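Listed below are the residues making up each chain.
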Amino acid sequence: MTTGHPLADLAILFLAAFGAATILPFQSEIVFAALQSAGTAPLWVIIAVASVGNTLGSVVNYVMGLGIERLKGRRWFPASEAQLARAQDWYSRWGIWSLLLSWAPLGDAITVAAGIFRTRFAVFLILVAIAKTGRYIVFAGLVDGAIRTFG
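Residues numbered from 1 in each chain as written. Predicted model: local features only at pLDDT ≥ 70, side-chain atom pairs only at ≥ 80, totals over all residues. Heavy atoms only, no water.

Draft legend 1. Expanded view of the packing of helix 3 (residues 43-66) against helix 7 (residues 121-150). Axis separation between helix 3 and helix 7 bottoms out at 9 Å; the angle between their running directions is 140°. Classed by the angle they form, the pair helix 3 and helix 7 counts as oblique. Crossing of helix 3 over helix 7 shows right-handed handedness. Here helix 3 contributes Leu43, Ile47, Ala50, Ser51, Asn54, Thr55, Ser58, Val59 and Tyr62 to the contact with helix 7, which in turn contributes Phe121, Phe124, Leu125, Val128, Ala129, Lys132, Thr133, Arg135, Tyr136, Ile137 and Ala140. Split by residue class, the contact of helix 3 with helix 7 holds 13 nonpolar, 5 polar and 2 charged. (Axes fitted to C-alpha atoms, helices over the stretch in contact; angles between N-to-C directions. Helix = DSSP H or I, 4+ residues; strand = E, 2+ residues; numbered from the N terminus. Parallel < 35°, antiparallel > 145°, perpendicular 65-115°, else oblique. Left-handed = near helix turned anticlockwise from the far one by under 90°. Contact = heavy atoms within 4.5 Å. Nonpolar A, V, L, I, M, F, W, Y, C, P; charged D, E, K, R; others polar.)

Written as structure tokens, this is what we have:
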């Protein structure tokens, strides 16, 4: 289901992908698949919009990590001490290469840990962009297969 307006559809996808990369409970896959199956825009544009939105959402997590010492412990803070400790442990063990898993369910914690550990922003951005774009390319292939099989 789309709005019928390609720019509006792509804006919705951008916001869903952005939100999905943050601590917010968003999912971008449904919007992505709907736009892909509707042919709203060229597939490369859909992948680019989703990837940029998802990567920028991870930048929010990185910035949160930079300032986390000032924020943690507040009642509204979205991560518990245990969650932060797990993210820091994971990042300490695997280092910057763990950012290639930023697309995965625990990816948000990894991108926060990158900020906590003051990973160079350029390195962070490159690795996260690779991971997020790769995820959407694979997902697009899965959607295409489903469309061909069931479509």
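Draft legend 2. Structural view of the side chain of aspartate 9. By the secondary structure assignment, aspartate 9 is in helix 1 (residues 6-21). Buried and without a salt bridge, aspartate 9 has arginine 135 as its closest oppositely charged side chain, separated by 19 Å. Sequence-distant contacts of aspartate 9, that is, excluding residues within four places in its chain, are made with Thr2, Thr3, Gly4, Leu35 and Thr40. (Buried < 20%, exposed > 50% of the residue type's maximum accessible area, 1.4 Å probe, protein only. Lys, Arg positive; Asp, Glu negative; His and termini not counted. Salt bridge = Lys/Arg side-chain N within 4 Å of Asp/Glu carboxyl O.)

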